[in-house]
Amino acid sequence: LDPMHADARPVVEKLIRTADVVVANLPHSTLVAMGLDWATIHRVNPRTILTTVSAFGKGGPYTERLGFDGVAQAMSGAVYLSGEPGQPVRSYAPWVDFSTASLAAYGTLAALIARQTTGRGQEVEGALLRTATTIMSTALMEQHVLKLDRVATGNRGQTAGPSDIFRCKDGWVTVLINGNPLFKRWARLMGEDHWLTDPRFSSDAARGDNGAALSERTQNWCAGRTVAEAIRDLEKAKIPAGPVYSPQQMLNDPHAEAAGYFASVTYPG
């Protein structure tokens, strides 16, 4: 069906009259032209829920502007704070797309539950940039209040430490320390108990500010170990860590298989 065709309008309205939810991934002006905007849908069937997803949402100067996941990543501040200074890096994973879809589904379910009481549908609006700024909200709120003007530091975290990715003999591992109990276990594993009384490392914030020294020490420790050896020792010390996998290594992971992360299905072609 081509909703823009003049003869399609009666068909669209017939579909709306039987629809619980209309999902539309289109700008507002296009929805109006197709007769799929909220005012039209609500007139045809007050019980129908309209769930829309656009790049920027309604109400501002970017309402009709097009955009994809990478645009929202870039505008949210996430790309600027990734990579290195002078070289912003976009995430390979389309986290804005998937998160927006999940939030839109969540809102749609809430609207369906509300309809059981009110008998009326609602408009549920998802927007890529709104999602991206929600997920980036800790950095945005910190900047609004404290004006720290952070810049990228590669894989090294800025609000705790050590929080980084480290090279081993045969690959890479990530180690993430948050909170004093974890830092205490890390210091003992590294043989650096005296760092527990060092004011540079007295809190997560202080460790984030002085994370380069913590990363250097952890890197020296990892350099003499294989990935398996490093993970074994970190796990024994109850320190959060994991290997840096390729996609194929993730598919081969024994936990993913045992826990049923993936399911094979047949698909034509």
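The structure this text deals with has already been given above.
Let me sum up the structure you'll find in this document. (Residues numbered from 1 in each chain as written. Predicted model: local features only at pLDDT ≥ 70, side-chain atom pairs only at ≥ 80, totals over all residues. Heavy atoms only, no water.)

1. Things to note about the pairing of strand β2 (residues 49–54)
Most of β2 is tucked away: 6 of the 6 residues are buried. In β2, alternate side chains face the same way, and those of Ile49, Thr51 and Val53 on one face and Leu50, Thr52 and Ser54 on the other are all buried. When strand β1 (residues 21–24) meets β2, the two strands line up parallel, connected through 4 bridges. Its bridge partner lying in β2, valine 22 is registered against leucine 50. Pairing of β2 with strand β3 (residues 123–127) involves 5 bridges; the strand directions are parallel. Directly across from threonine 52, in β3, lies its bridge partner glutamate 125. (Buried < 20%, exposed > 50% of the residue type's maximum accessible area, 1.4 Å probe, protein only. Helix = DSSP H or I, 4+ residues; strand = E, 2+ residues; numbered from the N terminus. Pairing = 2+ DSSP bridges.)

2. Points about the side chain of serine 215
Of note, serine 215 is situated in helix α10 (residues 211–223). A distance of 2.7 Å separates polar atoms of two side chains, one belonging to serine 215 and the other to aspartate 164. Other than its neighbours up to four places away in sequence, serine 215 contacts Arg156, Pro162, Asp164 and Phe166. (Polar contact = N/O pair within 3.5 Å; in protein donor to acceptor, adjacent residues only side chain to side chain. Contact = heavy atoms within 4.5 Å.)

3. Here's the deal with the sheet that holds β1
Pairing within the open sheet is parallel, and its 3 strands lie in the order β1-β2-β3. This sheet does not close on itself; its edge strands, each paired only once, are β1 and β3. This sheet shows a mean twist of 10 degrees between the axes of neighbouring strands, independent of strand direction. Along the sheet, helix α6 (residues 128–135) makes contact with β2 and β3, crossing β3 at roughly 70 degrees. (Axes fitted to C-alpha atoms, helices over the stretch in contact; angles between N-to-C directions.)

4. Points about the pairing of strand β5 (residues 172–176)
Side chains Val173 and Val175 project from β5 onto a buried face, and the interleaved Trp172, Thr174 and Leu176 project onto a face without burial. Bridge count for strand β4 (residues 163–167) against β5 is 5 bridges, and the pairing is antiparallel. Residue pairing in the sheet places arginine 167 in a bridge with tryptophan 172 of β5. Remark: 4 residues form the turn of the hairpin made by β4 and β5, two consecutive strands paired antiparallel.

5. Points about the sheet that holds β4
Spatially, β4-β5-β6 is the arrangement adopted by the 3 strands of the open sheet, whose pairing is antiparallel. Edge strands, defined here as strands with exactly one partner in the open sheet, are β4 and β6 (241–243). Shown here is a sheet whose adjacent strand axes are inclined to one another by a mean of 20 degrees, direction ignored. Sheet topology note: the β5/β6 ladder contains 3 bridges and is antiparallel. Of the residues in β6, the one forming a bridge with valine 173 is proline 243.

6. Describing the environment of alanine 55
Looking at the secondary structure, you find alanine 55 in the loop between β2 and α4 (69–76). For the pair alanine 55 and glutamate 84, spaced 29 residues apart in sequence, the C-alpha separation works out to 27 Å.

7. Describing the packing of aromatic side chains
Counted by the stated rule, this structure contains 6 aromatic pairs. Both rings, one in tyrosine 261 and one in phenylalanine 262, keep their centres 6.4 Å apart while their planes meet at 75 degrees; by these two values the pair is edge-to-face. Sitting above the plane of the phenylalanine 56 ring, arginine 65 keeps its charged end 5.9 Å from the centroid. The aromatic ring of tyrosine 62 is capped on one face by arginine 65, whose charged end is 3.9 Å from the ring centroid. (Phe/Tyr/Trp six-rings, centres within 6.5 Å; stacked < 30°, edge-to-face > 60°. Lys NZ or Arg CZ within 6 Å of the ring centre and 35° of its normal.)

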